[in-house]
Amino acid sequence: AAGVIQSPRHLIKEKRETATLKCYPIPRHDTVYWYQQGPGQDPQFLISFYEKMQSDKGSIPDRFSAQQFSDYHSELNMSSLELGDSALYFCASSVRDWGFNEQFFGPGTRLTVL
Amino acid sequence: GQQVMQIPQYQHVQEGEDFTTYCNSSTTLSNIQWYKQRPGGHPVFLIQLVKSGEVKKQKRLTFQFGEAKKNSSLHITATQTTDVGTYFCAGDSGSARQLTFGSGTQLTVLP
C-alpha cells in the first residue's frame, strides 16, 4: 500500500540558510499535517492543509511557511534557519472524516542546522 | 491552549511483565488517539477512542477512555521485546482538528 513520502530524508544546512521539505500524501487523502519533533520530544503540530487550503495553524514560526499544491503534495519552507530548528520533520496525511482522523505519518526529514 | 500530559516518561520492564501508560488532558477531548514510535521510526497509529468510558482491545493491548473524556490509558499485558518504543497519546479537541501529543512514554523491555 502507498505510504506518505517525504523528501529529502536528511538535510544539512548552515545557519541563516533556507530549506524546503516536501511531502507527498497518500493518494486520495485530503488533509496534510506538518509536525516538528525535537530529540526526545513529542511531535509538535505546525500546520495543516485541507483540500489545498490552510486548515489549522500550530506552533509554526513566522520564518516558516507551507503550502499545498494542486496535486496535493505539500512543501514546508524554512528560512533564516537557526540551530534550534534541527529536528525531525514529519508530514502526515489523512482523510477528513468527521469523527475519525487517523493520521498516517511519513518517514520524516531529519534537518540538521550547523 | 490544550495540554496533554503523559506518565511515566520512561518505563523499563522485564519481558512478560505488564505495562501501563497514562494520559491526561487539560480540556475535554473529542477523541483520543494512540501512536507507537519505534526508535528511529515514525509514529504509527494504533487506535482511536471516541466514546466516554470506551474500552478497546488489540491482542495484548487494552485502551481506555475516561468517563469525562479527559484521560486515557494504554495497558500492555505480558510485554514482549517487540513492544519496545515510545507510546504517545494524542488528543483531538475536535474544534481545530489538530492533534496535541502527550510527551510519550518510552518503553524498554528487557529480555
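Structure first, text after, so check above.
The notes below deal with the structure included here.

1. Some points on the sheet that holds strand 6 (residues 55-58) of chain B
All names here are of chain B.
No. 1: If you trace the five strands from one edge of the open sheet to the other, you get 1-3-8-7-6, paired in antiparallel fashion. Single-partner strands in this sheet number two, and they are strand 1 (4-7) and strand 6. If you compare each strand with its neighbour and ignore which way they point, the axes differ by 15° on average.
No. 2: Pairing between strand 1 and strand 3 (residues 19-25): four bridges, direction antiparallel. Along strand 3, the bridge assignment pairs Met-5 with Asn-24.

2. Quick word on the interface of chain A and chain B
No. 1: Opposite the 21 residues of chain A that make contact, chain B presents 19 residues.
No. 2: Contact between chain A and chain B buries roughly 1,700 Å² in total, counting both sides, with carbon and sulfur atoms accounting for 50%.
No. 3: The largest contributions to the chain A side of the interface with chain B come from Asp-42, Asn-101 and Phe-105 of chain A, which together make up 29% of the buried area.
No. 4: Where chain A packs against chain B, one counts zero salt bridges.
No. 5: Run the count over chain A and chain B and you get two residue pairs in polar contact (both at pLDDT 80 or more).
No. 6: Listed by contribution, the elements that provide at least two residues to the side of chain A that touches chain B are strand 4 (31-37) and strand 6 (53-57) of chain A.
No. 7: In terms of residue count, the dominant contributor to the side of chain A that touches chain B is strand 4 of chain A (three residues).
No. 8: Looking at side-chain class alone, the side of chain A that touches chain B contains nine nonpolar, six polar and six charged residues.

3. Side note on the pattern of salt bridges
Residue and element names in this part refer to chain A.
No. 1: Taken as a whole and judged by the stated rule, the model has five salt bridges over all chains.
No. 2: Residue Arg-63 pairs with Glu-82 through a salt bridge whose shortest N-O separation is 3.4 Å. On the criterion of sequence distance, the pair formed by Arg-63 in the loop between strand 6 and strand 7 (64-68) and Glu-82 in the loop between strand 8 (74-78) and strand 9 (87-94) is long-range, its members being 19 residues apart.
No. 3: As a salt-bridge pair, Arg-63 and Asp-85 come within 2.8 Å of each other at their nearest N and O atoms. With Arg-63 in the loop between strand 6 and strand 7 and Asp-85 in the loop between strand 8 and strand 9, this residue pair connects regions lying 22 residues apart in the sequence.
No. 4: Overall, Asp-85 belongs to the buried group, its relative accessible area being 4%.

4. A word on the state of the cysteines
No. 1: All chains considered together, the criterion is met by two disulfides over all chains.
No. 2: Cys-23 of chain A shares a disulfide with Cys-91 of chain A; S-S distance 1.7 Å. Note on the Cys-23 of chain A and Cys-91 of chain A pair: the S-S dihedral is about -50°, so by sign convention the disulfide is left-handed. You can see Cys-23 of chain A sitting in strand 3 (residues 19-24) and its partner Cys-91 of chain A sitting in strand 9, a full 68 residues away along the chain. Exposure class is identical for Cys-23 of chain A and Cys-91 of chain A. Each is buried.
No. 3: Across the disulfide, Cys-23 of chain B is cross-linked to Cys-89 of chain B (sulfur-sulfur distance 1.9 Å). For the disulfide bridge between Cys-23 of chain B and Cys-89 of chain B, the dihedral angle about the S-S bond is near 75°, and by the sign convention the bridge is right-handed. On the criterion of sequence distance, the pair formed by Cys-23 of chain B in strand 3 and Cys-89 of chain B in strand 9 (residues 85-92) is long-range, its members being 66 residues apart.
No. 4: You can call Cys-23 of chain B buried: its relative accessible area is 3%.
No. 5: For Cys-89 of chain B, a relative accessible area of 0% translates into the label buried.

Parameters at a glance
Residues numbered from 1 in each chain as written. Chains lettered and ligands numbered in written order. Predicted model: local features only at pLDDT ≥ 70, side-chain atom pairs only at ≥ 80, totals over all residues. Heavy atoms only, no water. Pairing = 2+ DSSP bridges. Helix = DSSP H or I, 4+ residues; strand = E, 2+ residues; numbered from the N terminus. Axes fitted to C-alpha atoms, helices over the stretch in contact; angles between N-to-C directions. Contact = heavy atoms within 4.5 Å. Buried area = accessible area lost by both parts, 1.4 Å probe. Salt bridge = Lys/Arg side-chain N within 4 Å of Asp/Glu carboxyl O. Polar contact = N/O pair within 3.5 Å; in protein donor to acceptor, adjacent residues only side chain to side chain. Nonpolar A, V, L, I, M, F, W, Y, C, P; charged D, E, K, R; others polar. Buried < 20%, exposed > 50% of the residue type's maximum accessible area, 1.4 Å probe, protein only. Disulfide = S-S within 2.5 Å.

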